[in-house]
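# Examination of the molecular architecture
Next come the chains, spelled out residue by residue.
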Amino acid sequence: MTLEIAREVQFTFDAADPAALSAFWAEALGYQVQSPPDGFDSWEQALAAWGVPEDKWNSASAVVDPKGTGPRLFFQQVPEGKTGKNRVHLDVRAAPGLTGDERMAALEAEAERLVGHGATRLERHEPVPPNAGHIVMADPEGNEFCLD
């Protein structure tokens, strides 16, 4: 008998400003900042009740899929900045099912929207079969991701 175990996946990001980075990714993915635990109206209220010093209140943040199907993204504060290219990155599926000019126009529109929220556009890759084309971006702290 083989046991099949389903695992949940969480993506963890090192960050200088977890609250700001989680707000960006909530906007990028249509997620929401994770609600405080039951019994608390805000994270500040919970952290104060737990005796967490105020200067540590931005040491972590998380965003969740409001539908409950996507993975949780967790942001943890670290002292060092990003120093190299990501070895793993997220692909934000901004144009599923679209092809050609229609696809690239949808990706361009999403790139422009995310730049307005602090992202940086890095490069555009044109559709060349079998590849459909994509745009490489960076979040406000320099983590690369693709609009796909």
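Structure shown above.
Below: a short report on this structure. (Residues numbered from 1 in each chain as written. Predicted model: local features only at pLDDT ≥ 70, side-chain atom pairs only at ≥ 80, totals over all residues. Heavy atoms only, no water.)

### With respect to the packing of aromatic side chains
As enumerated under the stated definition, the model contains seven aromatic pairs in all. Ring centres of W25 and F145 lie 4.9 Å apart, and the angle between their planes is 70 degrees; this geometry places the pair in the edge-to-face category. Highlighted residues: W25 in helix α1 (residues 18-29) and F145 in strand β8 (residues 144-147), separated in sequence by 120 residues. F145 shares its class with W25; the two are buried. One aromatic cluster in this structure is built from F13, F24, W25, F75 and F145. (Phe/Tyr/Trp six-rings, centres within 6.5 Å; stacked < 30°, edge-to-face > 60°. Helix = DSSP H or I, 4+ residues; strand = E, 2+ residues; numbered from the N terminus. Buried < 20%, exposed > 50% of the residue type's maximum accessible area, 1.4 Å probe, protein only.)

### As for helix α3 (residues 100-115)
Along its 16 residues, α3 runs 23 Å from first to last C-alpha, staying within 8% of the 22 Å computed at 1.5 Å per residue. Listed in full, the buried residues belonging to α3 are R103, M104, L107, E110, A111 and L114. Projected down its long axis, α3 carries its buried residues within an arc of 125 degrees, all on one side. Away from its buried face by more than 90 degrees, α3 exposes D101, E102 and E112. (Expected span 1.5 Å × (residues − 1). Arc of directions from axis to C-beta.)

### What about the side chain of D65?
Topologically, D65 is positioned in the loop between β3 (60-64) and β4 (72-77). As a buried residue without a salt bridge, D65 has its nearest oppositely charged side chain in K67, at a separation of 6.0 Å. Among the polar contacts made by the side chain of D65, one reaches the main-chain amide nitrogen of G70 at a distance of 2.7 Å. (Lys, Arg positive; Asp, Glu negative; His and termini not counted. Salt bridge = Lys/Arg side-chain N within 4 Å of Asp/Glu carboxyl O. Polar contact = N/O pair within 3.5 Å; in protein donor to acceptor, adjacent residues only side chain to side chain.)

### A look at the environment of L114
With respect to the secondary-structure elements, L114 resides in helix α3. In this structure, the C-alpha to C-alpha distance between L114 and E27, residues 87 residues apart in sequence, is 8.2 Å.

### Side note on the pattern of salt bridges
Inspection of the entire model under this criterion finds eight salt bridges. For D148, the salt bridge is made with R93, and the minimal N-O distance between the two is 3.5 Å. With a gap of 55 residues between them, D148 in the segment after β8 and R93 in the loop between β5 (90-92) and α3 connect regions that are remote in the sequence. Using a relative accessible area of 54% as the deciding quantity, one classes R93 as exposed. Two residues, D148 and R103, come together in a salt bridge whose shortest N-O distance is 2.6 Å. Residue D148 is located in the segment after β8, and its partner R103 is located in helix α3; the two are separated by 45 residues in the primary sequence. When salt bridges that share partners are traced, they join E108, R121, R124 and E126 into one network.

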